[in-house]
Structure formats: structure tokens, C-alpha cells
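# Notes for the structure review
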Amino acid sequence: MEFIDLKSQQKRIRKDIDARMAKVLDHGQYILGPEINELEEKLAKFVGVKHCISLSNGTDALLLPLMAAGIGCGDEVITTPFTFFATGEMISLAGAQPVFVDIDPNTYNINAALIEKAITSKTKAIMPVSLYGQCPDLDAINEIANKHKLLVIEDGAQSFGAEYKGKKSCGLSHVASTSFFPSKPLGGYGDSGACFTNDDALAKSMKELRVHGQEKRYYHTRIGINGRMDTLQAAILLSKLEIFPEEVELRKKWGQLYKEMLGPSFKTQALLPNSTSVYAQFTIEVDDRENFIKRMNEFGVPTAVHYPIPLHLQPVYQNLGLKKGSFPHSERSGERVVSLPMHPYLTEEIIEKVVSTVKRCHVE
Ligand SMILES: Cc1ncc(COP(=O)(O)O)c(C=O)c1O
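It should be emphasised that the depicted structure is a prediction, and the values quoted were computed from it without experimental measurement.

What follows concerns the nonpolar core. Among the nonpolar cores identified, the biggest contains 26 residues, and Leu 66, Ile 71, Val 77, Met 127, Ile 153 and Met 206 are the most heavily contacted of them. Broken down by secondary-structure element, the contributors of at least two residues to this core are strand S1 (51-55), helix H3 (60-68), helix H4 (86-93), strand S4 (123-127), strand S5 (151-155) and helix H7 (200-209). Top contributing element to this core by residue count: H3, with 6 residues. Excluding residues within four positions of it along the chain, Met 127 makes contact with Leu 62, Leu 66, Val 77, Ile 78, Thr 79, Thr 80, Thr 87, Ile 91 and Ile 153. Judged by nonpolar contacts, the second largest core, of 24 residues, contains Val 47, Val 49, Leu 237 and Val 278.

Structure below.
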């Protein structure tokens, strides 16, 4: 059994991918070739925003909006400690200070009700994360941001394709980032990512920043990065995007079936009203995780932990002086969560096997 089955998907679209890659090899425009524009247009349309800026990975996609907005030294950015390290890391790399706010233990996303207390005169932005494939309460977060004149940067690395009140993840805040890492809901065959915004000036800045801060060839108006997506990667993503809406529906279907089969005695991510999840991860909570994972392995069911150590307890952030107990919900979740196999090519039989194994390993 695979934790994420990328082979079945490839079998479905291999011919199309081969043809699209051959086209790139024929025209030879490996950097910023025509597939890049085509993909950016299609992704922007899918999300429902004006601009998509394709990038080298989801990590650069977090750094670039911060750089474009001039957020850096002396500034603070509010985020969740219960996320993949890149979220906090890019705030720090930009030169700013991450300020953590605890999660809602039911959705695992930042608790919007706690954000205002963390705002200071140095706060410049809020970077909420759409963990496991579901957006946080972005209406509430945008309202706070508007009141305090802060930028909202959604880290939508795990939620591409999810909906919040009828609108798509990455189209719900001033600017948003996503990742096309192979295991993500829309994943390529290598690293890539993208930013999304309706703000023309921010889009222009991010486009320049991804090519060394060039306004025109060899004319550098700012310090940037080499953050472009490869044309070959864009060709692969164009192929995958064609089947993506169908895959999102399958993810929703399997997530729902998991919940029904597991029953109310297992805690799973709660969905907000009028909200969908693309289940980048399908995560449950267990008491004795180490033993649970060991037993699941013995029965041939792979698992993964997203994420065991919240950011404020990472060695590199010890200088923030945030001891154990600072964010109890993030810490407790970090100790208890475990993710089960999730991808569009699951079947009822596979889910039945996973769930019966979960019940067996949890009880015994
Ligand atoms: C929440 C979150 N943010 C950022 C990233 C970084 O994306 P990438 O691996 O494409 O750099 C990831 C990827 O794992 C992620 O899960």
C-alpha cells in the first residue's frame, strides 16, 4: 500500500505528459518558455485571481510576497506554530520576526480569535496556513487585517483546490502562495510553486524578484532571487491540471468516507461551514503514537506525522524564549497527530483496510 500513489495518476496521463515534454524539448525554451505563460493563465483562472507568478518552489512563494511588500528587519509577521517549517523560516529569512498564535484544536489552523492580542506596532502581516488542505477562517482574518492595515499572505501549500465560502484557496487574501511539490494535491515531478494576487504592483514586484530583481534584462532595481519555475515542470503541471478538478472531487469523497468509517470516536480535522478540504493529509489523533505507528507498519499500512514539533519548540527558535506550554493546542496536536494514506486513487477496499487496521492498532 502506498501513502501517496503517484504511479496510478502517471499511468493515466503518461502519454499527454510525454507529448508536452517532447514539445518543450523541441522548442528548447527551457527557462520561461511558452508553457510558463500558459500555466500561469490557467492557474490564475482556476483560482479566480488576476495574477499567477509561477516559481521554483512553495518556499520561495512564501519569501517573495514578504520581499515584495518590503517586510523585513524590525517587522513582525503573525503565523501558526503548527505548520511545516518553511512558513516560519521564510519570515525569518526575510529578516522579520515570526510571532506565533495558537491553533484551533479542531481545525488545526490558526485561531483567528487570538490574533488581535498578538498585534503590535511592528506587525506588518498575517501568514495563516491552510493546513491539511482546508483554509482557516479567512473572513475573520481579513477583517482583522483590514482593521489594522496588515497584509494577509495565505500559505496555501496544502490547500490548492480547496474552497472557502464558494471561493478557491489562494484567491481569498491579498496574496497567497502554494507548492507543487510532488506529494501536494497538485504536484509536479520536482519542485515548483506559485503566488497569486489581484494586486498589480505586488505582482510586478514578485515577477521582478524571481529573476534577480531585474526590471529589464541586466537592469537590477532590487535584490531578488533565482526563483523561476522550469518550463518542463510547467508542461507537466499543465497536463496534471486537466485532471485536477476530478482529483479534487475524489479527495473529498475519500476524506468523507474515511470520516464515516472511522466514526465519531476518532478525532479528524473539523471542516468549517461552507468549506471544503482537499486533504493534502488525512490526519487523525491517537494516544500512544509511537506504538500505533509501529503496529500500523507491521500490518503494512504506511503513516506519516505532520508535524511532530511545533515551530516555537524547534532548536533554531529557542532564542524566542517560548517554552513548552506557550501554545498548548499546537503542542498537544504535535504529540498526537498521525496521517493515513490519502490520494485520489484510493478505493473503498483500501480505505476499509486502513480503517480496520487503525481500529485494531488503536485498541490493542
Ligand atoms: C504549509 C507548507 N508551507 C510551505 C511549504 C513549502 O513548499 P515547498 O516544499 O514547495 O518549498 C510546504 C511544503 O511542504 C508546506 O506544507
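Moving on: the site of the ligand. Around the ligand sit 15 residues, and of these Gly 58, Thr 59, Asp 155, Ser 179 and Lys 184 come closest. In this structure, Gln 158 approaches the ligand through a side-chain N or O atom, which is 2.9 Å from an oxygen atom. Of the residues belonging to the shell around the ligand, the class tally is 6 nonpolar, 7 polar and 2 charged.

Along the chain, the position of Gln 214 falls in strand S10 (residues 214-216). For Gln 214, the side chain forms a polar contact with the main-chain nitrogen of Tyr 218, separated by 2.8 Å. With sequence-adjacent residues up to four places away left out, Gln 214 is seen in contact with Glu 208, Tyr 219 and His 220.

In this section: the sheet that holds S5. Here 7 strands make up an open sheet; going across it, the order is S1-S9-S8-S5-S4-S2-S3 and the pairing mixed. Two strands in the sheet have a free side with no partner beyond their single neighbour: S1 and strand S3 (97-100). With strand direction ignored, the average angle separating the axes of adjacent strands in the sheet is 25 degrees. Direction of pairing for S5 relative to strand S8 (residues 175-179): parallel, over a ladder of 3 bridges. Bridging across to S8, Ile 153 finds its partner in Val 175. Where H7 meets the sheet, it contacts S1, S8 and strand S9 (193-197), and its direction lies at approximately 15 degrees from that of S1.

Taken as a whole and assessed by the stated rule, the structure comprises 0 disulfides. Here Cys 195 stays free of any disulfide, with the sulfur of Cys 52 as its closest cysteine sulfur at 8.4 Å. Here Cys 195 falls in the buried class, since its relative accessible area comes to 0%.

Glancing now at the pairing of S9. Where burial is concerned, most of S9 is hidden: 5 out of the 5 residues are buried. Here S1 runs beside S9; their pairing, made up of 5 bridges, is antiparallel. Its bridge partner being in S9, Leu 55 is matched across the sheet by Gly 193. Across 5 bridges, the pairing between S8 and S9 is antiparallel. Each residue of the ladder has a partner; that of Val 175, found in S9, is Thr 197.

On to the packing of helix H2 (residues 34-47) against helix H8 (residues 231-262). Two elements in contact, H2 and H8, have axes separated by 8 Å at closest approach and are oriented at 30 degrees. The chirality of how H2 crosses H8 is left-handed. Along its contact with H2, which presents Glu 35, Ile 36, Glu 38, Leu 39, Lys 42, Leu 43 and Phe 46, the element H8 presents Thr 231, Ala 234, Ala 235, Leu 237, Leu 238, Leu 241, Phe 244 and Pro 245.

Enumeration according to the criterion identifies 20 salt bridges in this entry. The shortest N-O distance in the salt bridge between Arg 210 and Glu 40 comes to 2.9 Å. Note that Arg 210 is positioned in the loop between H7 and S10 and Glu 40 in helix H2, a separation of 170 residues in sequence. The burial state of Arg 210 is the same as that of Glu 40; both residues are buried. Glu 163 is the partner of Lys 168 in a salt bridge, and the nearest nitrogen-oxygen pair spans 3.5 Å. Using a relative accessible area of 28% as the deciding quantity, one classes Glu 163 as partly exposed. In this structure, a network of salt bridges that share partners links the residues Lys 267, Glu 285, Asp 287 and Arg 336.

Applying the stated criterion across every chain yields a total of 14 aromatic pairs. Here the aromatic cluster, defined as three or more aromatic residues joined through ring pairs, consists of Phe 46, Phe 160, Phe 180, Phe 196 and Phe 244. Directly above the ring of Phe 46 sits Lys 168, whose terminal nitrogen or CZ lies 4.7 Å from the centroid. One cation-aromatic arrangement involves Lys 216 over Tyr 219; the distance from NZ or CZ to the ring centre is 4.8 Å.

Basis of the calculations
- Residues numbered from 1 in each chain as written.
- Predicted model: local features only at pLDDT ≥ 70, side-chain atom pairs only at ≥ 80, totals over all residues.
- Heavy atoms only, no water.
- Core = buried A, V, L, I, M, F, W, Y, C linked by side-chain atoms within 4.5 Å.
- Buried < 20%, exposed > 50% of the residue type's maximum accessible area, 1.4 Å probe, protein only.
- Helix = DSSP H or I, 4+ residues; strand = E, 2+ residues; numbered from the N terminus.
- Contact = heavy atoms within 4.5 Å.
- Near = heavy atom within 4 Å.
- Polar contact = N/O pair within 3.5 Å; in protein donor to acceptor, adjacent residues only side chain to side chain.
- Nonpolar A, V, L, I, M, F, W, Y, C, P; charged D, E, K, R; others polar.
- Pairing = 2+ DSSP bridges.
- Axes fitted to C-alpha atoms, helices over the stretch in contact; angles between N-to-C directions.
- Disulfide = S-S within 2.5 Å.
- Left-handed = near helix turned anticlockwise from the far one by under 90°.
- Salt bridge = Lys/Arg side-chain N within 4 Å of Asp/Glu carboxyl O.
- Phe/Tyr/Trp six-rings, centres within 6.5 Å; stacked < 30°, edge-to-face > 60°.
- Lys NZ or Arg CZ within 6 Å of the ring centre and 35° of its normal.

Bear in mind that shape data such as this cannot, by itself, settle questions of function.
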